[in-house]
Amino acid sequence: MSRAEREQQILGVAEEVFATRGYQATSMDDIARRVGLSKPMLYEYFGSKEGLLLACLERVRRELLEATTSAAAANAGDPERQLHDGLLAFFRFGEEHKQSWALLRTESAVVGAGLDTELEGFRTQQAEFTEEMLRVALPNTDPARLEAFAEAIIGACERMALWRENRPEITPERVTEHLMALIWPSLSAEVAAAHRAYPASHDQG
């Protein structure tokens, strides 16, 4: 097994163990034993238990961006469907990694600044992705306005993900429907106004 393949194996096991037991209750011995490596070798790969956790979260963040980007790209040219499918991919991803999301929130105060930074990294990444989607639909809109819209959407996503944790009947599809009902009427008005003001640039986009 190559080093890269071994790292991915370790990260897969570590994410599961951290999410199931919690950061504080997990030891590097637990993970090394499940992977089939010595603990010193595990430290050689990631430096520390916190380093391993941060590497797990970085992988989740990368996979989240891939999931949301792919979903949105499938509907280029249709702003409503693009936003809908990007949000749906976000909520579905959270469903598949719900224990990791819980870990990210609950352990940040314990682990320290590194995890707080990683949590903010998730928010920033998705806000930038959302802002870029909006920019395609609204190419002549004030950049500060697009940034504000993106931050509001991501903040709503985070709160709605928390809201549905204790409501298993609220599926990713249903929570996406709720959020679209809130934000799309105002965004569609922006798109329509932009089309009236700049029809040529809108059609080219």
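Residues numbered from 1 in each chain as written. Predicted model: local features only at pLDDT ≥ 70, side-chain atom pairs only at ≥ 80, totals over all residues. Heavy atoms only, no water.

Chemist: Tell me about the side chain of Arg 6, and please be specific about residues and values.
Modeler: By the secondary structure assignment, Arg 6 is in helix H1 (residues 3–21). The side chain of Arg 6 is buried and forms no salt bridge, while Glu 5, the nearest opposite charge, is found at 8.4 Å. In this view, Arg 6 contacts Met 1, Val 35, Leu 37 and Tyr 45; residues no more than four positions away in its chain are not counted. (Helix = DSSP H or I, 4+ residues; strand = E, 2+ residues; numbered from the N terminus. Buried < 20%, exposed > 50% of the residue type's maximum accessible area, 1.4 Å probe, protein only. Lys, Arg positive; Asp, Glu negative; His and termini not counted. Salt bridge = Lys/Arg side-chain N within 4 Å of Asp/Glu carboxyl O. Contact = heavy atoms within 4.5 Å.)

Chemist: Which residues make up helix H3 (residues 39–46), and what are the values?
Modeler: Because each turn of an α-helix spans 3.6 residues, side chains separated by three or four positions in sequence point in the same direction. Looking only at H3, the buried set comprises Leu 42, Tyr 45 and Phe 46. What you see down the axis of H3 is that its buried residues fit within an arc of 75 degrees, all on one side. Facing away from the buried surface of H3 by more than 90 degrees, the exposed residues are Pro 40 and Glu 44. Contacts from the buried residues of H3 go to H1, helix H2 (28–35) and helix H4 (49–73). Positive phi shows up at Gly 47, right after H3, with a value of about 85 degrees. (Arc of directions from axis to C-beta.)

Chemist: Would you mind going over empty space enclosed by the protein in detail, with residue names and values included?
Modeler: Following the criterion strictly, the structure yields three cavities of 30 Å³ or more and no others. The space that makes up the largest cavity amounts to roughly 70 Å³. Pro 79, Gln 82, Leu 83, Met 133, Leu 134, Ala 137, Leu 138, Trp 184, Leu 187 and Val 191 are the residues that line the largest cavity. For the lining of the largest cavity, the secondary-structure elements that each account for two or more residues are helix H5 (79–96), helix H8 (113–137) and helix H10 (172–197). Looking at side-chain class alone, the lining of the largest cavity contains nine nonpolar, one polar and no charged residues. Estimated volume of the second largest cavity: approximately 60 Å³. (1 Å grid on protein atoms, 1.4 Å probe; cavity = no way out; pocket = protein on both sides within 12 Å on 5 of 7 lines; lining within 4 Å. Points joined across faces, edges and corners; volume = space filled by probe spheres on them. Nonpolar A, V, L, I, M, F, W, Y, C, P; charged D, E, K, R; others polar.)

Chemist: So what about the packing of H1 against H3? Which residues, and what values?
Modeler: Orientation of H1 relative to H3, taken along the N-to-C sense of each, is 105 degrees, at an axis distance of 11 Å. Between H1 and H3, the angle is such that the two are roughly perpendicular. For the pair H1 and H3, the contacting residues are Arg 3, Arg 6, Glu 7, Ile 10 and Leu 11 in the first and Leu 42, Glu 44, Tyr 45 and Phe 46 in the second. For the contact of H1 with H3, a count of residues per class yields five nonpolar, no polar and four charged. (Axes fitted to C-alpha atoms, helices over the stretch in contact; angles between N-to-C directions. Parallel < 35°, antiparallel > 145°, perpendicular 65-115°, else oblique.)

Chemist: I'd like to hear about the pattern of salt bridges, residue by residue, with values.
Modeler: Counted under the stated rule, the structure contains 15 salt bridges. Note that Lys 39 is salt-bridged to Asp 29, the shortest N-O span being 3.5 Å. Here Lys 39 is found in helix H3, whereas its partner Asp 29 is found in helix H2, with ten residues between them in sequence. According to the relative accessible area criterion, Lys 39 is partly exposed, its value standing at 33%. For Arg 164, the salt bridge is made with Glu 95, and the minimal N-O distance between the two is 2.9 Å. Note that Arg 164 is positioned in the loop between helix H9 (143–163) and H10 and Glu 95 in helix H5, a separation of 69 residues in sequence. Its relative accessible area of 11% is what places Arg 164 among the buried residues. According to the relative accessible area criterion, Glu 95 is partly exposed, its value standing at 32%. Taken together, the shared-partner salt bridges in this structure form one network comprising Arg 21, Asp 30 and Arg 33.

Don't take any of this as a statement about function, it's just geometry.
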